[in-house]
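Here is how the chains run, residue by residue.
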Amino acid sequence: MIKYDFDNAFREWSRLPVDGFDYMHLNDLLSLSAEQLGGLVKIGYQTRFENSTNIAKFMNLDSVKGKVVMDFGCGWGIDSLAFASHGALCIPADINPLALSLVQRVFNVILGVHPLGLVLVSGNPPYFTRSSIDLFWSMGC
């Protein structure tokens, strides 16, 4: 059996791909003012969803209202934000606790709310125990 190297993955995922920009370090993203973060999210959202040919259709965002969605490997939370913006109750999950802090801040700055929950993925599976997840989303893990 191969065991996942969380320490190495944590280091690798301390720099995240930010739509419309490049890879950015989580510490740099967390240090942005609310106005700066909001502007970055707006550009990232437009790049990922409004300028994309099929990602929004693939996510089927019109069907998620009221559903519980887990975004596994959430990164900076742009997909979580899209689900929540369309009425889903979102549970971001990631191996890096700084990513979870960033997603929580993105939700607060953009939506004025917190995600339904946050899951730190570490150790041995199972990584979460929630039986009422309606949609499990993992893009780019």
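As a starting point, this report considers the structure included with it.

Quick notes on the rules
- Residues numbered from 1 in each chain as written.
- Predicted model: local features only at pLDDT ≥ 70, side-chain atom pairs only at ≥ 80, totals over all residues.
- Heavy atoms only, no water.
- Pairing = 2+ DSSP bridges.
- Helix = DSSP H or I, 4+ residues; strand = E, 2+ residues; numbered from the N terminus.
- Contact = heavy atoms within 4.5 Å.
- Axes fitted to C-alpha atoms, helices over the stretch in contact; angles between N-to-C directions.
- Polar contact = N/O pair within 3.5 Å; in protein donor to acceptor, adjacent residues only side chain to side chain.
- Buried < 20%, exposed > 50% of the residue type's maximum accessible area, 1.4 Å probe, protein only.
- Phe/Tyr/Trp six-rings, centres within 6.5 Å; stacked < 30°, edge-to-face > 60°.
- Salt bridge = Lys/Arg side-chain N within 4 Å of Asp/Glu carboxyl O.

1. Describing the sheet that holds strand β6 (residues 135–137)
Spatial ordering of the open sheet is given by β5-β4-β3-β6, a layout of four strands whose pairing is parallel. Pairing within the sheet leaves two strands with one partner each, and these edge strands are β5 (119–120) and β6. Across three bridges, the pairing between strand β3 (residues 68–72) and β6 is parallel. Looking across to β6, one finds that V69 is bridged to L135. Relative to strand β4 (residues 89–94), helix α6 (residues 97–111) is tilted by about 155 degrees, and along the sheet it contacts β4 and β5.

2. What to know about the side chain of R48
As for its position among the elements, R48 is in helix α3 (residues 34–50). Within the structure, R48 has its side chain in polar contact with the side chain of D79 (distance 2.6 Å). Apart from the residues lying within four places of it in its own chain, the contact partners of R48 are D19, I55, I78, D79 and M139.

3. What about the environment of W76?
Residue position: W76 is located in the loop between β3 and α5 (78–85). Taking relative accessible area as the criterion, W76 reaches 4% and is therefore assigned buried. Taking the C-alpha atoms as reference points, W76 and L30, 46 residues apart in sequence, are found 10.0 Å from one another. In this structure, W76 is in contact with L16, P17, V18, D19, L40, V41, G44, L102, V103 and V106, ignoring residues within four places of it in sequence.

4. Brief notes about the packing of aromatic side chains
Taken as a whole and assessed by the stated rule, the structure comprises four aromatic pairs. Here the aromatic rings of Y45 and F49 are separated by 4.8 Å at their centres, their planes lie at 50 degrees, and the arrangement is tilted. A residue pair is termed a helical-turn pair when its members lie 3 or 4 positions apart in one helix, as Y45 and F49 do in helix α3 at four residues. Like F49, Y45 is buried. Centroid distance F72 to F136: 5.3 Å. Interplanar angle 35 degrees. Geometry classified as tilted. Remark: F136 occurs in strand β6 and F72 occurs in strand β3; sequence separation between them is 64 residues.

5. Considerations on unusual backbone geometry
At N60, a residue that is not glycine, the phi angle is positive and equals roughly 55 degrees. Topologically, N60 is positioned in the loop between α4 (55–59) and β3. Residue classification places N60 among the partly exposed residues on the basis of a relative accessible area of 44%.

6. Comments concerning the pattern of salt bridges
A full pass over the atoms with the stated rule returns two salt bridges. Two residues, D79 and R48, come together in a salt bridge whose shortest N-O distance is 2.6 Å. Linking D79 in helix α5 with R48 in helix α3, this pair joins segments that are 31 residues apart in sequence. Summarising the burial analysis for this pair, D79 and R48 share the class buried. Sharing partners across several salt bridges, the network here consists of D19, R48 and D79.

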